[in-house]
Amino acid sequence: MQALPLDCSRHRGCGSPRRRGICDLAGLAGDTVVITPEYIRSILDYDPSTGQFRWLRRDDVRSTWNTRYAGQSAYSLSHGYVRIGVYGRGYKAHRLAWAHFYGEWPTGHIDHINCDKQDNRISNLRIATPTQNNANCSARRGSICKGVTLHKKTGKFQAQVKANGKNHYLGLFETPDQASSAYSEAATILFGDFARPA
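Residues numbered from 1 in each chain as written. Predicted model: local features only at pLDDT ≥ 70, side-chain atom pairs only at ≥ 80, totals over all residues. Heavy atoms only, no water.

Q: Hey, could you run me through the packing of aromatic side chains in this one?
A: The relation between two aromatic rings is expressed through the spacing of the ring centres and the mutual angle of the planes. Summed over all chains, the structure comprises seven aromatic pairs. Measuring from ring centre to ring centre gives 5.7 Å for Tyr39 and Tyr87, while their planes differ by 25°; the resulting arrangement is stacked. Linking Tyr39 in helix 1 (residues 37-43) with Tyr87 in the loop between strand 6 (81-86) and strand 7 (89-92), this pair joins segments that are 48 residues apart in sequence. Note on Trp55 and Trp65: the rings are 5.4 Å apart at their centroids and 80° apart in plane angle, and the pair reads as edge-to-face. Remark: Trp65 occurs in helix 2 (residues 63-69) and Trp55 occurs in strand 4 (residues 52-55); sequence separation between them is ten residues. For the residue pair Trp55 and Trp65, the accessibility class agrees, reading buried in each case. Among the aromatic residues, those joined into a cluster by ring pairs are Trp55, Trp65 and Tyr69. We note Arg58 situated over the ring of Trp65; from NZ or CZ to the ring centre the distance is 5.0 Å. One cation-aromatic arrangement involves Lys92 over Tyr81; the distance from NZ or CZ to the ring centre is 4.4 Å. (Phe/Tyr/Trp six-rings, centres within 6.5 Å; stacked < 30°, edge-to-face > 60°. Helix = DSSP H or I, 4+ residues; strand = E, 2+ residues; numbered from the N terminus. Buried < 20%, exposed > 50% of the residue type's maximum accessible area, 1.4 Å probe, protein only. Lys NZ or Arg CZ within 6 Å of the ring centre and 35° of its normal.)

Q: Can you help me understand the sheet that holds strand 12 (residues 166-173) in this one?
A: Hydrogen bonds between backbone groups are what pair the strands of a sheet, and the pairing can be parallel or antiparallel. Reading across the sheet, the three strands line up as 10-11-12 and stay open at both edges, with antiparallel pairing between neighbours. Since the sheet does not close on itself, it has two edges, and those belong to strand 10 (148-151) and strand 12, each with one partner. Sheet twist, expressed as the mean angle between neighbouring strand axes with direction ignored, is 30°. Direction of pairing for strand 11 (residues 156-163) relative to strand 12: antiparallel, over a ladder of seven bridges. Considered in strand 12, the bridge of Lys162 is made with Asn167. (Pairing = 2+ DSSP bridges. Axes fitted to C-alpha atoms, helices over the stretch in contact; angles between N-to-C directions.)

Q: What is the right way to read the pairing of strand 7 from this model?
A: Across four bridges, the pairing between strand 6 and strand 7 is antiparallel. Residue Gly85 lies in a different strand from strand 7, and its bridge partner there is Gly90. Connecting the antiparallel pair strand 6 and strand 7 is a turn made up of two residues, with Tyr87 showing a positive phi of about 50°.

Q: Looking at this structure, how should I read unusual backbone geometry?
A: Note: most residues except glycine have negative phi, and most peptide bonds are trans. Positioned with a positive phi, His79 is a non-glycine residue whose angle comes to about 55°. Mapped onto the elements, His79 comes out in the loop between strand 5 (76-78) and strand 6.

Q: I'm lost on the confidence of the model for the protein in this one. Help?
A: Close inspection of predicted coordinates is inappropriate for parts of the model with low pLDDT. Per-residue confidence for the protein gives a mean pLDDT of 78; residues scoring 70 or more make up 78%. A low-confidence stretch, residues 1-31 stays under pLDDT 50, and its non-local contacts, those more than four residues away or across chains, total 90 contacts. (pLDDT = per-residue confidence, 0-100. Contact = heavy atoms within 4.5 Å.)

Q: Would you mind showing me how to read the nonpolar core here?
A: Nonpolar side chains in soluble globular proteins tend to end up buried together. Core analysis: the largest hydrophobic core is formed by 24 residues, its most contacted members being Ile35, Leu44, Phe53, Trp55, Ile84, Val86 and Leu96. Elements that contribute at least two residues to this core include exactly helix 1, strand 3 (44-47), strand 4, helix 2, strand 6 and helix 3 (93-102). Among the elements that take part in this core, helix 3 stands out by supplying four residues, more than any other. Counting residues in each nonpolar core, the second largest holds ten residues, with Ala128, Val161, Ala163 and Ala186 among its members. (Core = buried A, V, L, I, M, F, W, Y, C linked by side-chain atoms within 4.5 Å.)

Q: Can you walk me through the pattern of salt bridges in this structure?
A: Pairs may arise between side chains of opposite charge once their charged atoms sit close together. Taken as a whole and assessed by the stated rule, the structure comprises four salt bridges. The shortest N-O distance in the salt bridge between Asp60 and Arg58 comes to 2.9 Å. For Lys156, the salt bridge identified is with Glu174, shortest N-O distance 3.2 Å. Here Lys156, found in strand 11, pairs with Glu174, found in the loop between strand 12 and helix 5 (176-191); they are 18 residues apart in sequence, far enough to count as distant. We classify Lys156 as partly exposed; its relative accessible area is 30%. (Salt bridge = Lys/Arg side-chain N within 4 Å of Asp/Glu carboxyl O.)

Q: How do you make sense of helix 3 when you look at a structure like this?
A: One turn of an α-helix holds 3.6 residues; hence residues three or four places apart share an orientation. Most of helix 3 is tucked away, with seven of its ten residues classed as buried. Among the residues of helix 3, those classed as buried are Ala93, His94, Leu96, Ala97, Trp98, Ala99 and His100. Taken from the residues just after helix 3, Gly103 is the one with a positive phi, measuring 80°.

As structure tokens, then:
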């Protein structure tokens, strides 16, 4: 666990402008704090049914902070993810949700089951390996549908699936539907519940 200094100069690193009420750096004391799930629970209220966070009233900040932010939503958006600044460091809200709900930091990646990066309901979060997390994502740019691209030389549709850093060629098909079916079948075998249909 990393101890973070309570130093306003670190504010710029968290990516959470204080003026928007999403960082808790107002009124810092100059000590060191260890960010634990228990500490997260003491400063943030988390509603597992909505995935929303709100700042709690606190004794470790100036009273003006409580007047302005206690009870307010705590978040900012960065690359589609919800982030919350805690003592100068930005945390992804899905990791905070896991720590808040289960009382421990997640040991791996957190996958959003419905692929909505902003949906941090606990029922939408699960631990995943990097491969599983990538399996449960939308089609990449340039794909006709997930795992399917146009093979320019032949005019056919190429299906492939990537698992554990390796591309697995599935063949060339006459129609996008055939290629998509081949992808879906292979993804189900390789990724199980994490497979996202093409």
